[in-house]
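Analysis of the macromolecular model
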Amino acid sequence: MIKMSLTLKDSPNAQIDKSILERYINLPIPNDAIIATYVWIDGTGQDVRCKDRTLTSVPKSPKDLPIWNYDGSSTYQAQGSNSDTYLHPVAIYKDPFRRGSAILVLCDTYKADGTPTATNKRKTCLEAVNKCLNEEPWFGIEQEYTLLDFDGHPLGWPKNGYPGPQGPYYCGAGANKVYGRDIVLAHYQACLYAGIKIAGTNAEVMPAQWEYQVGPCEGISVGDDLWMSRFILHRIAEEFGVVATLDPKPMPGDWNGAGAHTNISTARMRADGGIHEIEKAIAKLSKCHERHIRAYDPNEGRDNERRLTGRHETSSIHDFSAGVANRGASIRIPRGVSDEGKGYFEDRRPSSNCDPYSVVEAILRTICLDE
Ligand code: ADP
Ligand code: MN
Ligand code: MN
Ligand code: MN
Ligand code: MN
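Residues numbered from 1 in each chain as written. Chains lettered and ligands numbered in written order. Predicted model: local features only at pLDDT ≥ 70, side-chain atom pairs only at ≥ 80, totals over all residues.

Per an unreviewed UniProt entry, the recorded name for the chain is Glutamine synthetase, and the organism is Hermetia illucens. Of the chain, the UniProt comment under Subcellular location (unreviewed entry) reads exactly: "Cytoplasm". (UniProt positions renumbered as here; feature names shortened; annotations may be inferred.)

Moving on, we come to the overall build of the chain. Helix and strand counts for the chain come out as ten helices and 13 strands. Relative to its length of 371 residues, the chain is compact, with a C-alpha radius of gyration of 21 Å against a globular reference of 21 Å. With respect to the three principal axes, the spread of C-alpha positions in the chain is 60 × 50 × 40 Å. Classification of the 371 residues of the chain by burial places 43% in the buried group. Nonlocal contacts in the chain, meaning residues at least 24 apart in sequence, comprise 67% of its contacts between residues at least 6 apart. (Helix = DSSP H or I, 4+ residues; strand = E, 2+ residues; numbered from the N terminus. Rg over C-alpha atoms; globule rule 2.2 N^0.38 Å. Buried ≥ 20, exposed ≤ 12 C-beta atoms within 10 Å, placed from the backbone. Contact = placed C-beta atoms within 7 Å.)

Quick look at the site of ligand 1 now. Around ligand 1, the surrounding shell holds 16 residues, and the nearest of these are Gly140, Gln213, Gly215, Asn263 and Ser265. Put simply, the parts of the chain that give the shell around ligand 1 at least two residues each are β6 (138-148), β8 (209-218) and β10 (262-265). When residues in the shell around ligand 1 are grouped by element, the largest group, four residues, is from β6. A per-class count over the shell around ligand 1 returns six nonpolar, seven polar and three charged. (Near = placed C-beta within 6 Å. Nonpolar A, V, L, I, M, F, W, Y, C, P; charged D, E, K, R; others polar.)

One recurring pattern in soluble globular proteins: nonpolar side chains tend to sit buried together. Counting residues in hydrophobic clusters, the biggest one holds 85 residues, and the most contacted among them are Val39, Val105, Leu147 and Met228. Tallying contributions element by element places helix α5 (residues 221-240) first for this core, with nine residues. Split by domain, the residues of this core number at least three in each of domain 1 (31-118) and domain 2 (129-367). (Core = buried A, V, L, I, M, F, W, Y, C linked by C-beta atoms within 7 Å. Domains from an automatic or database assignment.)

Now for the sheet that holds strand β5 (residues 103-110). With mixed pairing, the five strands of this open sheet are ordered in space as β2-β1-β5-β4-β3. Looking at which strands have only one partner, the edges of the open sheet turn out to be β2 (48-55) and β3 (68-71). Direction aside, neighbouring strands of the sheet carry axes that sit 40° apart on average. As defined by bridge partners, β3 adjoins strand β4 (residues 84-94) across four bridges and the pair is classed as antiparallel. Counted as the bridge partner of Asn69 is Tyr86 from β4. (Pairing = 2+ DSSP bridges. Axes fitted to C-alpha atoms, helices over the stretch in contact; angles between N-to-C directions.)

Our focus in this paragraph is the packing of α5 against helix α10 (residues 356-367). As a packed pair, α5 and α10 sit with axes 9 Å apart at the nearest point and diverge in direction by 160°. Taken as axis vectors, α5 and α10 run roughly antiparallel relative to one another. Once α5 is placed against α10, the crossing between them reads as right-handed. Across the interface between the two elements, Val222, Gly223 and Leu226 from α5 touch Pro356, Tyr357 and Val360 from α10. (Parallel < 35°, antiparallel > 145°, perpendicular 65-115°, else oblique. Left-handed = near helix turned anticlockwise from the far one by under 90°.)

Next up on the list: unusual backbone geometry. The linkage connecting Gly215 with the following residue, Pro216, adopts the cis geometry, with an omega of -10°. Here Pro216 shows up in strand β8. The phi dihedral of Tyr76 falls on the positive side, at around 60°, and the residue is not glycine. Among the structural elements, Tyr76 can be located in the loop between β3 and β4. Here Glu136, not a glycine, exhibits a phi torsion of approximately 45°, which is positive. Inspection of the secondary structure assignment puts Glu136 in the loop between α3 (122-131) and β6.

This paragraph deals with the UniProt feature "domain: GS beta-grasp" (unreviewed entry) in the chain. In the numbering adopted here, UniProt assigns the feature "domain: GS beta-grasp" (unreviewed entry) to residues 34-114. Annotation note: span residues 34-114, helix share 0%, strand share 48%, distance between end C-alpha atoms 28 Å.

This part takes up the domain arrangement of the chain. Each assigned domain of the chain is listed with its residue range as follows: domain 1 (31-118) and domain 2 (129-367). Spacing between the C-alpha centres of domain 1 and domain 2 amounts to 26 Å. Opposite the 14 residues of domain 1 that make contact, domain 2 presents 17 residues. Element by element, the count of residues in the side of domain 1 that touches domain 2 is highest for β4, at four residues. A per-class count over the side of domain 1 that touches domain 2 returns eleven nonpolar, two polar and one charged.

Let us look at the pairing of β5. Most of β5 is tucked away: seven of the eight residues are buried. Examined bridge by bridge, strand β1 (residues 34-41) and β5 share four bridges and lie parallel to one another. The partner of Ala36 across the bridge, within β5, is Ile103. In the sheet, β4 pairs with β5 via eight bridges, with the strands oriented antiparallel. Bridge pairing links Leu87 to Thr109 in β5.

By the secondary structure assignment, Glu238 is in helix α5. The exposure class of Glu238 is partly exposed, given the 14 C-beta atoms found within 10 Å. For the pair Glu238 and Asn13, spaced 225 residues apart in sequence, the C-alpha separation works out to 6.6 Å.

Right, dumping it as structure tokens:
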């Protein structure tokens, strides 16, 4: 356990003199040594794990990469007596930490008997995506998160009290308004370098809370890009000795929680008159609110219960609602979309720690597949 007295200055990662690494990280290595970091989702359905290996050639697609395995009994994914768990490469990114030929490899996970692990939500998501290709669905996800000091307290908050009430912090600038921008800038740059479709970033309503957006992406790639962007966020925050949490309500009380607003469109919604398609989709969503709430956080709604209170720009977890420009509704149609009569809509319910594969799958099965 971390002692409550520990703060940034006590973080071993913040203490290490990073300039020493510079002597080694750019050493020339053999041309046929390609360093690959395999990244996967562990048994919590929220945390990411990674391990590295040397390959002898540059893969052109995930199929060129070897299937690998790991000790699933150490990631809450298997029993010790039958612990080998398999990593199947699904997407390749450039490695912003090592650069050069190094790559990050996103994997989904399979048990020894060949079936997907309980937290492999990608497999069935991909099946749903492949049934809807003709509708050309696009997704854009707004990932909110909070930076914590090494003691688990939000970064920059007074140690024996609270900052002033919310108001000046959202999209703020200034030493008394935002905390940890270095991490945000590094993360944005690293995501672009990696090949992630990061769309933007902003400081959030609660101090030390931030957001970035991924998308619009076609189909499964929004989930792949979001998961790899989360890995890069944790990895960069680690270097600064800071913790990035995706908890949907890190501070109880009069402080905004964190979500993963999911923006959706299909080809027909993007075409002239598409607002009618958007209204049809919202009508379908209104009929299965509970099913979506169960898919919108890793604990079947229990995490989101703390966040979706009906206050702090959220709707109540118990009710479904929709409205133009309404940030207190489950579904918001942006004002510009309403004016133009076409575009996309926003599902504000997914929790910051949601699995985007579960969210995308639930939405497609409701609005495109009528399941
Ligand atoms: P907000 O006003 O809710 O804070 P943001 O600008 O943070 O909105 O995020 C809007 C998101 O919508 C972005 O991630 C963007 O990629 C996504 N988006 C834009 N157009 C579309 C579209 N046609 N279909 C799906 N997503 C879209
Ligand atoms: Mn070993
Ligand atoms: Mn936003
Ligand atoms: Mn936001
Ligand atoms: Mn939003």
